Amino acid sequence: MTETLDAFHRGRFHLLQPKNGGHRAGMDAMMLAALVADDRPVRVADLGAGAGAAGLGVAARLPLAEVTLVERSPLMADYARRTVALAENAFLAGRVRVVEADVTLKGRARVAAGLADDHFHHVIMNPPFNDGRDRRTPDALKAEAHAMTEDLFESWVRTAGAIMVPGGQLSLIARPESVGEILAACGRRFGGLELTAIHPRPGEEAIRLLVTAIKGSRARLKWRAPLVMHAEEGHAFTAFVDDLNNGRKAYPRR
């Protein structure tokens, strides 16, 4: 399997990832990273991190953040470790660690894997968001990265709630049609949800949903103004989306 070395945030950090196998990181990961807006010394967990794009996006933008990349696949966890060790990423390597573990672990097994209770200030996730019957692929890594299993959001959000400090922030990116499962999974664990639909162009249907929530909050759900990626013509990103994608701005909660 060949691999590529890709620059993110206009060369601020780099990522090793498979060229033809597995899930290749792109704009989804950078939009997820933009949801963490916190200048304090904070601990951040990136669940299902793959090669580490979203977590590294946070670490590159926030110099006081310590990031844990959590990845089940031994191959992708190895990509994450080698990515952190790149000379190009030396400025953040001391603040990033890789934990090879299944996000759905519970209790003592999860703690033994390196994910302690009530530890992280932020948990970010880009869960597999395709129905397992959808868009079947012969690539086992890619299938695992994209295929949704039953109760996936419930198990991932449960883990996020367990490892997060009270008042900590959950951030995720998903398909809009998953909103029902997301709300159900947050349940009484998280409140104050803020949802943002991402549309390719004006007048087109949303293709992604950004969600933030606070552990233990009882605040009401809010829909934020939608984000539009491109103007009606051309392929350039709108200015604000380009700033988010390239780490020049964050997308803080209201």
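The structure under discussion appears in the preceding block.
One structure accompanies this document, and this report is about it.

Procedures and definitions
Residues numbered from 1 in each chain as written. Predicted model: local features only at pLDDT ≥ 70, side-chain atom pairs only at ≥ 80, totals over all residues. Heavy atoms only, no water. Buried < 20%, exposed > 50% of the residue type's maximum accessible area, 1.4 Å probe, protein only. Helix = DSSP H or I, 4+ residues; strand = E, 2+ residues; numbered from the N terminus. Pairing = 2+ DSSP bridges. Phe/Tyr/Trp six-rings, centres within 6.5 Å; stacked < 30°, edge-to-face > 60°. Lys NZ or Arg CZ within 6 Å of the ring centre and 35° of its normal. Salt bridge = Lys/Arg side-chain N within 4 Å of Asp/Glu carboxyl O.

1. Focus on the pairing of strand β9 (residues 164-174)
Phase 1: In terms of burial, β9 is largely enclosed, as nine of its 11 residues are buried.
Phase 2: Two elements, β9 and strand β11 (residues 208-215), share six bridges in a ladder whose sense is antiparallel. What sits directly across from Ala174, in β11, is Leu209.

2. Observations regarding the packing of aromatic side chains
For any pair of aromatic rings, geometry is given as the distance between the ring centres together with the angle between the planes.
Phase 1: Overall, the coordinates contain two aromatic pairs when judged by the stated rule.
Phase 2: Aromatic pair Phe8 and Phe13: ring centres 5.6 Å apart, planes at 15°, arrangement stacked.
Phase 3: Relative accessible area serves as the criterion here: at 0%, Phe13 is assigned to the buried category.
Phase 4: It is Arg82 that lies over the ring of Tyr79; its NZ or CZ is 4.8 Å from the centre.
Phase 5: In this structure, Arg224 is placed above the aromatic ring of Tyr251, and the distance from its NZ or CZ to the ring centre is 4.0 Å.

3. Structural notes on the pattern of salt bridges
Phase 1: Under the defined criterion, the tally for this structure stands at 17 salt bridges.
Phase 2: Asp6 serves as the salt-bridge partner of Arg24, at 3.2 Å between the closest nitrogen and oxygen. Pair noted here: Arg24 is in the loop between β2 (13-18) and α1 (27-33) and Asp6 is in strand β1 (residues 3-8), with a separation of 18 residues, a long-range link.
Phase 3: Note on Arg24: relative accessible area 33%, which makes it partly exposed.
Phase 4: Notably, a salt bridge pairs Asp242 with Arg10, separated by 3.1 Å at the nearest N-O pair. Of this pair, Asp242 sits in helix α9 (residues 239-245) while Arg10 is found in the loop between β1 and β2, placing the two residues 232 residues apart along the sequence.
Phase 5: Through salt bridges that share partners, Arg10, Asp242, Asp243, Arg248 and Lys249 make up one connected network.

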